[in-house]
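# A closer look at the structure
Listed below, chain by chain, are the residues.
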Amino acid sequence: MAGVKRKTNTANSNASASHGAESDSDETSVSTTSYLQNQNKEERLRIRTGYRQLMGTLVEQKHDMINPESTSLTEALKTANDLNKDVKMPREGALDSATILMISNYGRMKVDNLKTDFLKFEPIEYAEKLISFVNQGQPRQSQDIAISNQGWINLGKASQKFFMKSPAFHFMAGSFERGEPVKKVRRAPDSQRLDKENLSDKATVPKQMKSFDESDKSEATTAEVEKLLDLLQKLYRENERNPICYFEFVLHPESFSQTVENMFYTSFLVRDGLANIKLDDEKLPLIEPIQNPEQEKVRKNLPHKQAVVSLSPQEWKELVEVYKITDPLIPTRVCSTLDSSATKKMRMK
Amino acid sequence: MPRTNKQPDNDRIPSSQVSATQAEKAHSSMDRGEQEKKLHDLVQFLLIMDQKKLPIKKLDINKQVLKEHSKALPVMMKLAEEKLRKIFGIELVSLEDKQKGTYILVNTLDTDVDEQLESDPNLTLTPVDWSDENHAKTGLLMVVLSAIFMNGEVMVDSQLYHMLRKLKVDQDVTHPVFGDVKKQLTVEFVRQGYLEYTRQPNTDPPVFEFRWGFRAKKEITKRNCLDFVSQLYEKNPEEWVSQYQVVVEEEGEEEESSAS
């Protein structure tokens, strides 16, 4: 019976093409105790010697083994397989596995050697080549910096020509800085309304004292216009109730801006129906105050007309010369904002 | 073509649905002066929007430039395309697929001055001026795009990061030039269209892949990348067998399309 079993086991190990899996079966099968004892000591020695020789050959001829051209590794594998057919005991099995381990390592090396015949892209290798390329033979600065900032810039400069990038559009002389978005001052209209409302009611403190300037200006206009009206009426009386030449009235010999302001305030008088501008026989403008307030009603019935009056600095100079104006009829106003140098001179006189 | 489609609200039709004849009608409804002005505004708009290299949306074009004449967009874009090409040497590219309804601008003129300078060093040529920051980013882009191509036109994110780490460009470390490296690669370059960043399906933790984006395909050739890498390794381009094959195929396609 034992004999039969032996044969079966050997048949099994012969059938398996791959090595290794079956050696365990020697140990695990229960009824092989007698089987184990039966293997010939001489045979076992032969097997062990065979493996040791094979391993010796592998070490000696390593170079030949891993050469892709040579077939010696395949032959070594064949030898190991042949020896394995007779392996029954663990000791020989262990030698067998050590041999196969060596052969498989050689196999890997053989494959690696195959690579030198065609190029395979390795990212790490690529990175290293890049570093030495960018640094162009200069020794590497430190372990932390592979490619310096300037290195990246230089690499980029060299690469730009590969990219068909459309040039970014920039204005040649630059464009203006956008700056902070201007916060709209909404307080001015509030203050105006509030001031009117609070005139009678002194208990409520007016809120917006900050925008005093804005309201001041509009009140200043009204004040100026009234002053102007008084002046016009005075001049009218002095002129024996004859209309005054408009240019003589508004022109300021020293200051263009004062002239313009005069024209500005005069226009309010006309708008409010307190003054009248008409043309004389020579088509020159005259101005006269309107005496009767009742005429307001008449004014409202009259169709509204508009006129645009313009004056350039050149024209202003010519007019001053022609009319030989030496002193302004309307007194010079002191401005709170920046003066023209002309008015500054005036004030200093 | 008979107008059988019902248009409930003329203003809200996306211009992509405007037919050719509708567009022409809308265009001719503007007087000559207005046509000219809108066209010039459009060209200028496209050039300025191109500064950041982000794709330009049709929606923005309608909102900022064409406004009430949105329907004329197809006609106007054709005219603008011609102007850009003839005057600036710039190609207007309409994007498809996921980026449909957007445009990018690509240069058609040669910006390589090195050869000319070599032959005559006294030449004062002014090639296109880019900032240092732009140069550095272009350098990084070149490295990344070449690596992806050489690796078989796709690279897994871990592979790419591993390689960049060798260059001391680490996704976990704020780089002195590039800042947040991961953001630069996965957000900025992707938005601009240089890289494509897709997730591999059924992976956990998620694995991503990098490929060339639509802009990269338009702006740079694979041959240039292969030449660049070959020069680096001091080898001939032909030695990279599979990559060289891709290059040859690409050039075959280009010849076909330019011949047609």
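The name given to chain B in an unreviewed UniProt entry is MAGE domain-containing protein, with the source organism recorded as Magallana gigas.

Within an unreviewed UniProt entry, the label attached to chain A reads Non-structural maintenance of chromosomes element 4, and the organism entered is Magallana gigas. Reading the Function (unreviewed entry) entry of the UniProt record for chain A gives the comment "Component of the SMC5-SMC6 complex, that promotes sister chromatid alignment after DNA damage and facilitates double-stranded DNA breaks (DSBs) repair via homologous recombination between sister chromatids." The Sequence similarities (unreviewed entry) field of the UniProt record for chain A holds the comment "Belongs to the NSE4 family."

If you tally the helices and strands in chain B, you get 11 helices and six strands. Taken across its 260 residues, chain B has 41% of its residues classed as buried. Of the contacts made within chain B by residues no fewer than 6 positions apart, 54% connect residues no fewer than 24 positions apart. Carbon and sulfur atoms form 48% of the exposed surface of chain B, whose accessible area is close to 15100 Å².

The secondary structure content of chain A amounts to 16 helices and three strands. Split into buried and exposed, the 349 residues of chain A put 31% on the buried side. Taking contacts inside chain A between residues at least 6 apart in sequence as the whole, the part at least 24 apart equals 66%.

Turning to its location among the elements, B:Thr102 is positioned in strand S3 (residues 102-107). Not counting chain neighbours up to four residues away, the residues in contact with B:Thr102 comprise B:Pro55, B:Ile56, B:Lys57, B:Val93, B:Ser94 and B:Leu95.

Before going further, it helps to examine the layout of surface pockets. All names here are of chain B. Taken as a whole, the second largest pocket encloses approximately 690 Å³ of empty space. Together, 25 residues line the second largest pocket, and Gln51, Lys52, Lys53, Asn134 and Gln192 are the ones closest to its centre. At the level of secondary structure, the elements contributing two or more residues to the lining of the second largest pocket comprise helix H2 (32-49), helix H6 (132-150) and helix H8 (181-192). The residue inventory of the lining of the second largest pocket, partitioned by class, reads 11 nonpolar, six polar and eight charged.

Residue and element names in this part refer to chain B. With 18 residues, H2 should cover 26 Å at 1.5 Å per step; its first-to-last C-alpha distance of 26 Å lies within 8% of that length. Among the residues of H2, those classed as buried are Gln35, Lys38, Leu39, Leu42, Val43, Phe45, Leu46 and Leu47. Elements in contact with the buried residues of H2: helix H1 (20-28), strand S1 (56-57), helix H3 (58-66), helix H4 (73-88), strand S2 (90-94) and S3.

All right, on to the nonpolar core then. Core analysis: the biggest nonpolar cluster contains 49 residues, and A:Tyr126, A:Trp152, B:Met163, B:Leu164, B:Leu167 and B:Leu185 have the highest contact counts within it. Listed by contribution, the elements that provide at least two residues to this core are helix H8 (123-135) and helix H9 (149-159) of chain A together with H6, helix H7 (157-166), H8, strand S6 (208-212) and helix H10 (222-233) of chain B. A per-element tally of this core places H6(B) first, with 11 residues. Setting aside residues no more than four positions away along its own chain, B:Leu185 makes contact with B:Val144, B:Leu160, B:Tyr161, B:Leu164, B:Val190, B:Leu195 and B:Phe210.

This part is about the interface of chain B and chain A. Each partner contributes to the interface: chain B provides 56 residues, whereas chain A provides 39 residues. Summing the contributions of chain B and of chain A, the shared interface buries around 4500 Å²; its carbon and sulfur component is 70%. At the junction of chain B and chain A, the tally comes to one salt bridge. Here A:Glu128 ties to B:Lys166 by a salt bridge, and the two come within 2.9 Å at their closest N and O atoms. In this structure, the connection of chain B to chain A is made through 14 residue pairs in polar contact (both at pLDDT 80 or more). Secondary-structure elements contributing two or more residues to the side of chain B that touches chain A are H2, S3, H6, H7 and H10 of chain B. Of all the elements, H6(B) adds the most residues to the side of chain B that touches chain A, at 14 residues.

Moving on: the packing of aromatic side chains. Evaluated as defined, the whole model comprises 17 aromatic pairs over all chains. Arranged with centres 6.5 Å apart and planes meeting at 85 degrees, the rings of A:Phe133 and B:Phe228 form a pair that is edge-to-face. One end of the pair, A:Phe133, is in helix H8; the other, B:Phe228, is in helix H10, on a second chain. Among the residues examined, A:Phe133 registers a relative accessible area of 30% and is labelled partly exposed.

Another point: the packing of H8(A) against H10(B). Between H8(A) and H10(B), whose axes approach to 9 Å, the crossing angle comes to 75 degrees. Regarding the angle of H8(A) to H10(B), the classification is roughly perpendicular. Of H10(B), the residues touching H8(A) (which contributes A:Glu125, A:Tyr126, A:Lys129, A:Leu130 and A:Phe133) are B:Phe228, B:Val229, B:Leu232 and B:Tyr233. A per-class count over the contact of H8(A) with H10(B) returns seven nonpolar, no polar and two charged.

The antiparallel open sheet is built from three strands, whose spatial order is S4-S6-S5 (chain B). Pairing within the sheet leaves two strands with one partner each, and these edge strands are strand S4 (155-156) and strand S5 (195-199) of chain B.

Residues and elements named next belong to chain B. A surface patch of like charges, here negative, comprises Glu249, Glu253, Glu254, Glu255 and Glu256. Structurally, Glu256 can be placed in helix H11 (residues 241-259). You can call Glu256 exposed: its relative accessible area is 59%.

All names here are of chain A. Relative to strand S3 (residues 285-289), strand S2 (residues 275-279) runs antiparallel, the two sharing five bridges. Bridge assignment links Leu279 to a residue of S3, and that residue is Pro285. Remark: five residues form the turn of the hairpin made by S2 and S3, two consecutive strands paired antiparallel; Lys283 in that turn has positive phi of roughly 65 degrees.

Calculation rules
Every chain is numbered on its own, with residues counted from 1 as its sequence reads. All chains are assigned letters beginning at A, and all ligands numbers beginning at 1, according to the order in which they are written. In keeping with the model being predicted, local features are shown solely for residues with a pLDDT of at least 70 and side-chain atom pairs are shown and tallied solely at 80 or more, while totals for entire chains, interfaces and linings include all residues. Note: side-chain values were computed over all heavy atoms of the structure, leaving out hydrogens and water. UniProt positions are given in the numbering used here, feature names are shortened, and annotations may be inferred rather than shown by experiment. Put simply, DSSP H or I for four residues or longer makes a helix, DSSP E for two residues or longer makes a strand, and each gets a number counted from the N terminus. Remark: exposure states derive from per-residue accessible area (1.4 Å probe, protein chains only) relative to the maximum for the residue type, with buried under 20%, exposed over 50%, and partly exposed in between. The contact criterion used throughout is that any non-hydrogen atoms of two residues lie within 4.5 Å. Values of accessible area rely on a 1.4 Å probe in the Shrake-Rupley scheme; residue burial ignores everything except the protein chains shown. Method remark: on a 1 Å grid restricted to protein atoms, a set of points is classed as a cavity if a 1.4 Å probe fits but cannot get out and as a pocket if it is open with protein on both sides within 12 Å along at least five of seven lines; lining residues have an atom within 4 Å of a point. Grid points are joined across faces, edges and corners, and a volume is the space filled by probe spheres set on the points. Each residue gets one label: Ala, Val, Leu, Ile, Met, Phe, Trp, Tyr, Cys and Pro are nonpolar, Asp, Glu, Lys and Arg are charged, and the others, such as Gly, are polar. Under the convention used throughout, the expected extent of a helix is 1.5 Å for every residue step, that is, one less than its residue count. Put simply, a nonpolar core is a bunch of buried Ala, Val, Leu, Ile, Met, Phe, Trp, Tyr and Cys residues held in one set by side-chain atoms that sit within 4.5 Å of each other. Here the buried area means the combined drop in accessible surface, using a 1.4 Å probe, for two parts upon being joined, counting both sides. Salt bridges are counted wherever a side-chain nitrogen of Lys or Arg sits within 4 Å of a carboxyl oxygen of Asp or Glu. Pairs of N or O atoms are called polar contacts if they sit within 3.5 Å, as long as, within protein, a hydrogen donor faces a hydrogen acceptor (for residues adjacent in sequence, only side-chain-to-side-chain pairs). For this analysis, a ring pair means two rings from Phe, Tyr or Trp (six-membered ring only for Trp) whose centres lie within 6.5 Å, classed as stacked if their planes differ by under 30 degrees, edge-to-face if by over 60, and tilted for the remaining angles. Here an axis means a line fitted to C-alpha atoms, over the contact stretch when the element is a helix, while the angle between two N-to-C directions is reported on a 0 to 180 degree scale. Throughout this description, any angle smaller than 35 degrees is read as roughly parallel, any larger than 145 degrees as roughly antiparallel, any in the 65 to 115 degree range as roughly perpendicular, and the remainder as oblique. By this definition, two strands are paired if DSSP reports at least two bridges between them. Exposure above 30% relative accessible area and no salt bridge define the residues that can form patches, which grow by joining like charges within 9 Å and nonpolar side chains of Val, Leu, Ile, Met, Phe, Trp and Tyr within 5 Å. Note on charges: Lys and Arg go in the positive column, Asp and Glu in the negative column, and His and the chain ends are not counted at all. Every charge is mapped onto a representative atom, which is NZ of Lys, CZ of Arg, CG of Asp or CD of Glu.

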